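Coordinates in review
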Amino acid sequence: MKSYDHPILPFQDNPSAALAYLLRQGNGHTDMTEAVYRQEAALVCTLANGVLLRHTAGGGYLLSAETSSALARLLEAVPADAKRAVLHQPWGLDAARSKFPDSALTLRELWRYPHLEPPRFSPGFEVWPLDEGDIPDSLSCDPTLPVAALRTQIQRRRVYGAYIREQLAGTVGTAPAGEICYLSVRPDLREQGIGPGLLRWMLRRELQNGHVPYALLEPENARTAALAQQVGLEPSGGSLLILEAASAPLNVENP
């Protein structure tokens, strides 16, 4: 893990201590541990009871602390012009909103796949990596997909498509830190098992690569939660409070 020295506070910059803290917090910090394991996050600083990470792509910050005072110290190390800050405990929200008064707040629940055994996968489609020429067909599956982030992740070979008779039927992918996202199915092919099949394929791929599969879900989206449960994802008990600068609209797929 990369680390940054911070000149203001006497933080530790010990990656081992940071990982020990994160693993002690349990499953609700899978997004942070996976960002570290994938080398998609740099350690800014470590306290005995808190950790601050910075995404190497996009410049967002991930914070976790066991007390409000520890989280306040970590916030001091986050630049005032940061475009994104993700809190893993609610007691830091007031301090964070005071530091970033113009930011928008979004809530997400962290769901993870808790098993070592991959789910069964016997779809009626083939799965191939997408290329940039597939973006129009991807948008026909879901017009709300974020085009810029989607293009970046396609270039990095992180977005895949389900093909039936050589036609794109659906998409799935991962964000830089491993979050499963970009799930979509062509409207005329929905309710045929393509969405669950793509999710199971991605769960198997993540497990085979040594990762813990996880997703960040909207708390009130019952349909998405039902789909997650169908393929074996379970709520971790962790909730993320995401503060996004007003000048940078929220895009949880590309932190």
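First, a word on scope: everything that follows refers to the structure included in this document. (Residues numbered from 1 in each chain as written. Predicted model: local features only at pLDDT ≥ 70, side-chain atom pairs only at ≥ 80, totals over all residues. Heavy atoms only, no water.)

Notably, Arg157 is not glycine yet its phi reads approximately 60°, a positive angle. If you trace the backbone, Arg157 turns up in the loop between α6 (147-155) and β7 (159-164). (Helix = DSSP H or I, 4+ residues; strand = E, 2+ residues; numbered from the N terminus.)

One open sheet holds the 4 strands; their spatial order is β6-β7-β8-β9, and the pairing between them is antiparallel. Bordering the open sheet on either side are β6 (126-129) and β9 (180-185), each of which pairs with just one other strand. The sheet shows a mean angle of 25° between the axes of neighbouring strands, direction not considered. Two strands pair when backbone bridges link them, and β6 and β7 are joined in this way by 4 bridges, in the antiparallel orientation. Bridging from a neighbouring strand, Val127 pairs with Ala162 of β7. (Pairing = 2+ DSSP bridges. Axes fitted to C-alpha atoms, helices over the stretch in contact; angles between N-to-C directions.)

Strand order in the open sheet formed by 7 strands is β1-β2-β3-β4-β11-β5-β10, and the pairing between neighbours is mixed. The open sheet terminates on both sides in strands that have one partner only, identified here as β1 (41-47) and β10 (214-217). Going across the sheet, the axis of each strand differs from the next one's by a mean of 25°, ignoring polarity. Pairing geometry for β1 and strand β2 (residues 50-55), over 6 bridges, is antiparallel. Note that in β2 the partner of Ala42 across the bridge is Arg54.

This structure, assessed with the given rule, holds 2 aromatic pairs. On the basis of an interplanar angle of 70° and a centroid distance of 6.3 Å, the ring pair of Phe121 and Phe125 is categorised as edge-to-face. The class of Phe125 is buried, set by a relative accessible area of 10%. An angle of 55° between the planes, with centres 4.8 Å apart, marks the rings of Tyr160 and Trp201 as tilted. Taken together, the residues span a long stretch of sequence, with Tyr160 in strand β7 and Trp201 in helix α7 (residues 194-208) at a distance of 41 residues. We classify Tyr160 as buried; its relative accessible area is 7%. (Phe/Tyr/Trp six-rings, centres within 6.5 Å; stacked < 30°, edge-to-face > 60°. Buried < 20%, exposed > 50% of the residue type's maximum accessible area, 1.4 Å probe, protein only.)

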